[in-house]
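Summary of the model geometry
Spelled out from the first residue to the last, the chains are:
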Amino acid sequence: MRKLAKSFVLFLSFAGLLGGATSAWAAACANVGTGNWSAAGTWAAPCNVAGGPVAADTVTIINNTTVTVNNAGMAASSVTINTGANASGLTFAAGSSLAVTNNVVVNLPTAAVIKQINVATATLTVGGNVTLNGGTAATRAALLTVSSGLITINGGLIINATVATSSTASITAAGGRITVNGAAGVTNGDVVTVGAGTFSVTNAAATFNNTSATNVASTTVSTGTLSITGNLTNAAAKTMTLSSTGNITVGGTLTNNGTITLTTTGTVNANGDFTNS
């Protein structure tokens, strides 16, 4: 009987070790409130451990909360910003970084609020696609923003909107970069804004598509650079604007079926074919 009891205790101890190592396996992580990524109290079980979610975990940011990536080396399998009627999102502290193995999705607001990922001066790396889903009004925004930090997307960037200016990808300061490396390229169905930084599409097979079936998609380059190794297509009734000393460089074919406007000293360089209709 004592031997059996000892075996039972050993079994419980082993089970306890497994339970305490939840983060070593894939888990579905959702936050319970506003807080830092690395804080156990930010997350619901089983992710409420020191350090927060890890590379194998899917992460959901719930409505009416903000999670701050507060350290370098944070990781997740995927990140989803939930829909809802309250502002929510992911922000980044200076010096922090987040690597996401698969996809990132910012879902549409259902009221006049902002759902966003604001990388600021930090670093976000995404192995899959980034998708922004704007709301049904211009005041219901889904945003991806970087100031002087770095966003690297190894899949594609998809910007969806049912009305204009409800979803935006933007670089707001010198040194800021958004780099899209995947063959999926960029589908801008609403707004891309390049301030003093650099927006690059590096895959020669990729296309930057400025297009939308529901509203006027627009891409604006002010003092920064839009650099496309592959192709650029500006669809009918869509707009591309160089509002200051900005530059657009296209390594492949530039097809303009809409309007491209140079307001001051900006330049457009097409190293391949140029089609204007």
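Residues numbered from 1 in each chain as written. Predicted model: local features only at pLDDT ≥ 70, side-chain atom pairs only at ≥ 80, totals over all residues. Heavy atoms only, no water.

**Quick word on the sheet that holds strand E4 (residues 66-69)**
Ordered by their spatial adjacency, 10 strands build an open sheet running E2-E4-E7-E10-E13-E16-E19-E22-E25-E28, and the pairing between neighbours is parallel. One side of each edge strand has no neighbouring strand; the edge strands of this open sheet are strand E2 (35-36) and strand E28 (259-262). Note that strand E16 (residues 167-171) and strand E19 (residues 191-194) share four bridges and pair parallel. When the sheet's bridge partners are listed, serine 170 is paired in E19 with threonine 193. (Pairing = 2+ DSSP bridges. Helix = DSSP H or I, 4+ residues; strand = E, 2+ residues; numbered from the N terminus.)

**Notes on the side chain of asparagine 256**
Along the chain, the position of asparagine 256 falls in strand E27 (residues 254-256). From its side chain, asparagine 256 meets the backbone nitrogen of glycine 258 in a polar contact 3.1 Å long. Among the polar contacts listed, one links the side chain of asparagine 256 to the side chain of asparagine 276, at a separation of 2.7 Å. Other than its neighbours up to four places away in sequence, asparagine 256 contacts Asn234, Thr275, Asn276 and Ser277. (Polar contact = N/O pair within 3.5 Å; in protein donor to acceptor, adjacent residues only side chain to side chain. Contact = heavy atoms within 4.5 Å.)

**Comments concerning the state of the cysteines**
Taken as a whole and judged by the stated rule, the model has one disulfide. Here cysteine 29 is linked by a disulfide to cysteine 47, with a sulfur-sulfur distance of 2.0 Å. On the sign convention where negative is left-handed, the bridge of cysteine 29 and cysteine 47, at about -75° about the S-S bond, is left-handed. With cysteine 29 in strand E1 (residues 28-30) and cysteine 47 in the loop between E2 and strand E3 (58-61), this pair connects stretches of sequence that are 18 residues apart. (Disulfide = S-S within 2.5 Å.)

**A word on the environment of serine 218**
Take serine 218: it is sitting in strand E22 (residues 218-221). Among residues more than four places away in sequence, those in contact with serine 218 are Asn188, Asp190, Val191, Val192, Asn210 and Thr239.

Bear in mind that shape data such as this cannot, by itself, settle questions of function.
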